[in-house]
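Now for the letters of each chain:
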Amino acid sequence: MRELTYVARHSVEWREAPDPKLRSDQEAIVAPVAATSCDVDSAILAGHGFIDPPFALGHECVARVVDIGDAVTSVVPGELVVVPWSINCGDCEHCRSGLTAHCTAVPHMAMYGAPIGGSWGGLFSDLVRVPYADAMLVPLPEGLDPVAMASASDNWSLSWRLVAPHLKARPGARVLVVARGSIGLYVCDIARALGASSVLYVDPDPEHRALARSYGASTAASIEPMPHAFDLAVEATGRVDQLALAVKSLAPEGICESAGNHFRPGELPLLDMYLTGVTLRVARDNVRNHIPDALELAASGKVAPERVVSHVIDWEQLPDALPGKHLKPVFVRDTTPPSTAG
Ligand SMILES: [Zn+2]
Ligand SMILES: [Zn+2]
């Protein structure tokens, strides 16, 4: 089988690898049918990552189950599933308490698409081994489009977590979104659907701003700090100066959620934050824990994540098309289920 491999700045290629095999009765083999790039993949492709190539890329996809171990009970061959970006066992103390990105049964940062905690391959591969099928895989609900939900592995479900719990606690909150890619747009969609009284989306890209307006947000290419203007701020730029802008715009006891990946250092206005009373969270997302909630919202009809999909491209075009500058390209291939589908 082939793995799409990041080989150098702006360059990926297919590399042959052995077909993955079941190594225990808890595992599954899946075939991605709709895979997309996470916002951080753009930074990696631009050479801003911290792991040297080559490595297999990709950690967002909907896949079809090809084979399962004898102990797997939650999915069957032929079924469409969301594959979470991080590897988690479901059984250790961290997994049981919802900290699925901090599973202790695997090396720290075990994930698809970057060999930080061991090598697990990438989701732009023809086949993928899932080491804990029952703990990790989430069946795609009936009626949801794999193309629109390819990002449920990470960015869509992360976006749900960045705003949904806060809007539940603070109905009608005023929301600031400072962003550069798909996460900020998903956040606009989810924030308006869940009752934010206003959403301001800040991004220099005019096409991104047009999408944000389609979700009911007002937009700006850039802003100066707006002290005390927002109850909740979401920063998804990977830039510390933009994170500083977000925290400086919060109301007293405001909350800032950051999508992280600040590969370059910078300074935060800690005295301002202290005087305002700011809660800042910069955390890798325990995504497996809330994929079901994020899918449920997607199935409710209150949101339109499909609008963020910028291109639908044939799987075979991955090496040529992925390095291009796309908001959210989804790579697809024939998803005919095997005859054993249940
Ligand atoms: Zn990601
Ligand atoms: Zn675990």
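Keep in mind that this is a model prediction, so the values were computed, not measured.

### Comments concerning the overall build of the protein chain
Per the secondary structure count, the protein chain includes ten helices and 16 strands. For 342 residues, the compact-globule formula gives about 20 Å, and the C-alpha radius of gyration of the protein chain, at 20 Å, lands near that figure. By its C-alpha atoms, the protein chain is 60 × 40 × 35 Å across when sized along the principal axes. When contacts within the protein chain are restricted to residue pairs at least 6 apart in sequence, those whose partners lie at least 24 apart make up 68%. With the model as given, the accessible surface of the protein chain reaches about 14,200 Å², and the carbon-plus-sulfur share is 51%.

### So, the coordination of the zinc ion (ligand 2)
Looking at the zinc ion (ligand 2), one finds its protein donor set to be C89 (SG), C92 (SG), C95 (SG) and C103 (SG), positioned 2.3 to 2.4 Å from the metal centre. The coordination sphere of the zinc ion (ligand 2) comprises four donor atoms, whose angles at the metal cover 101 to 117°; the geometry is tetrahedral. All donors of the zinc ion (ligand 2) come from a single chain, and their spacing in sequence reads C-x2-C-x2-C-x7-C. Neither C89 nor C92 differs from the other in exposure class; each is buried.

### Topic: the coordination of the zinc ion (ligand 1)
Every protein donor of the zinc ion (ligand 1) is accounted for by C38 (SG), H59 (NE2) and D154 (OD), and the metal-donor separations fall at 1.9 to 2.2 Å. We note that the donor set of the zinc ion (ligand 1) lies within a single chain, spaced as C-x20-H-x94-D. Pair noted here: H59 is in the loop between β4 (55-56) and β5 (61-68) and D154 is in the loop between β8 (138-139) and α4 (155-169), with a separation of 95 residues, a long-range link. In terms of burial, H59 and D154 fall into one category: buried.

### Considering the domain arrangement of the protein chain
Once the domains are mapped, the protein chain shows domain 1 (2-153 + 304-332) and domain 2 (155-282). Placing the centre of domain 1 and that of domain 2 at their C-alpha centroids yields a distance of 27 Å. Contact between domain 1 and domain 2 buries roughly 1,500 Å² in total, counting both sides, with carbon and sulfur atoms accounting for 57%. Three residues, D39, R307 and L327, lead the burial of domain 1 against domain 2; their summed loss comes to 33% of the area buried on that side. For the pair domain 1 and domain 2, the number of links is zero salt bridges. Inspection of the domain 1/domain 2 interface yields 13 residue pairs in polar contact (both at pLDDT 80 or more). A per-class count over the side of domain 1 that touches domain 2 returns ten nonpolar, five polar and four charged.

### Let's talk about a nonpolar patch on the surface
A cluster of nonpolar residues, L271, Y274 and L275, forms a patch on the protein surface that exposes about 410 Å² of accessible area. Mapped onto the fold, L271 is located in helix α8 (residues 270-276). Residue L271 is classed as exposed on the basis of its relative accessible area, which comes to 57%.

### As for helix α9 (residues 291-299)
Among the residues of α9, those classed as buried are I291, A294, L295, L297 and A298. Within α9, the buried residues cover an arc of 160° as seen down the axis, which keeps them to one side. The secondary structure elements touched by the buried residues of α9 are β6 (80-83), β8, α4 and α5 (182-193). Following α9 by one or two positions, G301 adopts a phi angle in the positive range, close to 85°.

### So, the UniProt feature "domain: Alcohol dehydrogenase-like C-terminal" (unreviewed entry) in the protein chain
Taken from the UniProt record, the annotation "domain: Alcohol dehydrogenase-like C-terminal" (unreviewed entry) applies to residues 183-299. Between the first and last C-alpha atoms of residues 183-299 the distance is 18 Å; the span itself is 38% helix and 24% strand.

### A closer look at the sheet that holds strand β14 (residues 279-282)
Here we have six strands laid out as an open sheet, ordered β11-β10-β9-β12-β13-β14, and parallel in their pairing. What marks the edges here is a single partner per strand, and that holds for β11 (218-220) and β14. The mean inter-strand angle of the sheet, taken between neighbouring strand axes irrespective of direction, is 15°. When strand β9 (residues 174-179) meets strand β10 (residues 198-202), the two strands line up parallel, connected through five bridges. Bridging from a neighbouring strand, V178 pairs with V202 of β10. Strands in contact with α5 are β9, β10 and β12 (230-236); relative to β10, the strand with the most contacts, it is inclined by about 170°. Sheet strands touched by helix α7 (residues 240-248): β9, β12, β13 (250-258) and β14. Its angle to β13, the strand with the most contacts, is close to 150°.

Cut-offs applied
- Residues numbered from 1 in each chain as written.
- Chains lettered and ligands numbered in written order.
- Predicted model: local features only at pLDDT ≥ 70, side-chain atom pairs only at ≥ 80, totals over all residues.
- Heavy atoms only, no water.
- Helix = DSSP H or I, 4+ residues; strand = E, 2+ residues; numbered from the N terminus.
- Rg over C-alpha atoms; globule rule 2.2 N^0.38 Å.
- Contact = heavy atoms within 4.5 Å.
- Areas by Shrake-Rupley, 256 points an atom, 1.4 Å probe, with all protein chains shown as cover.
- Donors = N, O, S within 2.8 Å, 3.2 Å for Na, K, Ca; no water.
- Tetrahedral: all angles 85-135°; square planar, octahedral: opposite > 155°, others 65-115°.
- Buried < 20%, exposed > 50% of the residue type's maximum accessible area, 1.4 Å probe, protein only.
- Domains from an automatic or database assignment.
- Buried area = accessible area lost by both parts, 1.4 Å probe.
- Salt bridge = Lys/Arg side-chain N within 4 Å of Asp/Glu carboxyl O.
- Polar contact = N/O pair within 3.5 Å; in protein donor to acceptor, adjacent residues only side chain to side chain.
- Nonpolar A, V, L, I, M, F, W, Y, C, P; charged D, E, K, R; others polar.
- Patch = residues over 30% accessible without salt bridge, like charges linked within 9 Å, V, L, I, M, F, W, Y side chains within 5 Å.
- Arc of directions from axis to C-beta.
- UniProt positions renumbered as here; feature names shortened; annotations may be inferred.
- Pairing = 2+ DSSP bridges.
- Axes fitted to C-alpha atoms, helices over the stretch in contact; angles between N-to-C directions.

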